[in-house]
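Per-entry structural report
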Amino acid sequence: MAQKPLHIVILAAGKGSRMRSNLPKVLHQVAGKSLLGHVIDSSLELKPSQIHVVIGHGKDQVIEAFESHASVDRFNWVEQTEQLGTGHAVSQALPAIPENANVLMLTADVPLIKATTLRAMVEAMNSSPLALLTAIVDDPFGLGRITRDDTNAVTGIVEQKDASVEQQRIQEINSGIICAHRDQLGDWLEQIDNNNAQKEFYLTDVVSLAYQAGNPIAALHPQENSEVNGINSRVQLAEVECLYRYAQAVRLMESGVTVLDPHRLDIRGDVEIAQDTIIDVNVVIQGPTKIGSGVYIAPNCVITESVLADNVTVHPNTVIEHSELGSGVNVGPFARLRPGTKLAQDVKIGNFVETKNAQLDEGAKVNHLSYVGDATVGSNTNIGAGVITCNYDGANKHKTTIGKDVFVGSDSQLVAPVEIKDGATIGAGSTITATVEANKLAISRGKQRQIDGWKRPTKAR
Ligand code: UD1
Ligand code: CA
């Protein structure tokens, strides 16, 4: 039998009143990515024929937020002008879905759902026309409850506001994720009404219709309940952020990374770390980032979209952004590596040093209080304390080229564009404005004088 096409419908039109926010709920973020972004990215792993996103509240903002998403050409934005309920929302997308498709319906406010779970939902379509993702939870308040008959078959879903006292005791809840055959789903949706406590067309009402027509209904569970945590308020947003953060730390620990406190490590996005790396407390790492083995990251560091080779040491309070660090590199404490920093093997960047668009060759050292921007620095060159590459003339940026085995004395300014050739020495306190030839000493500070008989001024009475 030919594989049925898969169409995914993501419900994202609701206001999210309980967030108390001007930002559409689905654009609030978990681990630096919007709720809708999480659901879309998990959906894409199933390689669906199309993703239909039902939008309404803040629709322009939502579309704009995804303008540059890599797969945006596979999205079909469907507008639901009035939010009449989840069943009504799905109905808006149906005309664009072929009769023979499987339809996987997701809600944008359940962001941690895993592709493996979604795949199992689609596979269930081989034996039932309707599958629900349910979970048994300690506190089911606010969620739709799964009702079952005395053979334990699913008979329907009853929403919190419509549930009897007895039904409110049911601990099996609807995750909001439902999969169905397109043709039958269309028939069921035509039959639902809004005779309920919220006067909405509930998607969940298709379940009792399917049961009454004698269809087998599959009920699957996620691997972990955290996958189906919904977000309706900022408190739930923070809960999901914590769950995500902890899950990432666990993933790293299981792959051989030492995490001193999994509750004080934030991994956001795609982050790969090799084994026997140690991460101290209060570290934020944003992907895509790749970190080798034997690396130590001290407390309070933020590393964004960077590559760190093996045996790098990052001392406390260091910020690294769009940079590449070779093996054995040592940075910080209090260093700031800005975009375009490339440090070859064994480079040392010390405290209060800022680099930007700077390439430093093997063994180069900038140990204290310097700014190295738009510069190349040769191997084993030593840049003394407080050296500044003056790269900006107020209008344009210029380059500083420093050779290998150069010694730049402390508190010097290198006024770009300027070149210092191999083996040159710059006397401390110099302002360098012209090429320094190889192996020469350049010194530009005023000659020291002594004034005899000089008296310090005294305070006026
Ligand atoms: C829904 C389910 C409930 C389930 C819960 C799980 C229904 C009727 N209820 O309740 O059984 O336990 O999710 O999280 O389906 N939306 C639209 N258009 C609308 C209404 C909603 O696009 O007209 C979207 C919302 O933006 C949201 C999703 O659908 O992303 C769910 O809506 P929400 O109001 O949050 O439903 P719940 O009350 O959480
Ligand atoms: Ca919800």
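Relevant structure appears above.
The following refers to the structure shown. (Residues numbered from 1 in each chain as written. Chains lettered and ligands numbered in written order. Predicted model: local features only at pLDDT ≥ 70, side-chain atom pairs only at ≥ 80, totals over all residues. Heavy atoms only, no water.)

Attention shifts here to unusual backbone geometry. Across the junction of G332 and P333, the peptide omega takes the value 0°, indicating a cis bond. Tracing the backbone shows P333 in the loop between strand 24 (330–331) and strand 25 (336–337). Positive phi, normally seen in glycine, also occurs at N300, with a value near 65°. By the element assignment, N300 lies in the loop between strand 18 (296–297) and strand 19 (302–304). The exposure class of N300 is partly exposed, given its relative accessible area of 35%. Backbone geometry places H322, a non-glycine residue, at a positive phi of 45°. Its location among the elements puts H322 in the loop between strand 22 (319–321) and strand 23 (323–325). (Helix = DSSP H or I, 4+ residues; strand = E, 2+ residues; numbered from the N terminus. Buried < 20%, exposed > 50% of the residue type's maximum accessible area, 1.4 Å probe, protein only.)

Let us look at the pattern of salt bridges. Tallying each qualifying case throughout the model produces 11 salt bridges. Between D60 and K59 there is a salt bridge, with the nearest N and O atoms lying 3.4 Å from each other. Residue D60 is classed as exposed on the basis of its relative accessible area, which comes to 52%. K59 sits in the partly exposed class, given a relative accessible area of 24%. The salt bridge partner of D261 is R264, with a shortest N-O separation of 2.8 Å. Relative accessible area serves as the criterion here: at 38%, R264 is assigned to the partly exposed category. (Salt bridge = Lys/Arg side-chain N within 4 Å of Asp/Glu carboxyl O.)

Residues in close proximity to ligand 1 total 22 residues, the closest being G14, Q80, T86, E159 and N174. L11 places a polar main-chain atom, nitrogen or oxygen, 2.9 Å from an oxygen atom of ligand 1. Within the side chain of Q80, a nitrogen or oxygen atom sits 2.7 Å from a nitrogen atom of ligand 1. For ligand 1, whose free accessible area comes to 750 Å², the fraction covered by protein is 89%. (Near = heavy atom within 4 Å. Polar contact = N/O pair within 3.5 Å; in protein donor to acceptor, adjacent residues only side chain to side chain. Areas by Shrake-Rupley, 256 points an atom, 1.4 Å probe, with all protein chains shown as cover.)

With respect to the secondary-structure elements, T389 resides in strand 32 (residues 388–390). With residues near it in sequence (within four places) discarded, T389 still touches Y371, V372, G373, A375, T400 and L414. (Contact = heavy atoms within 4.5 Å.)

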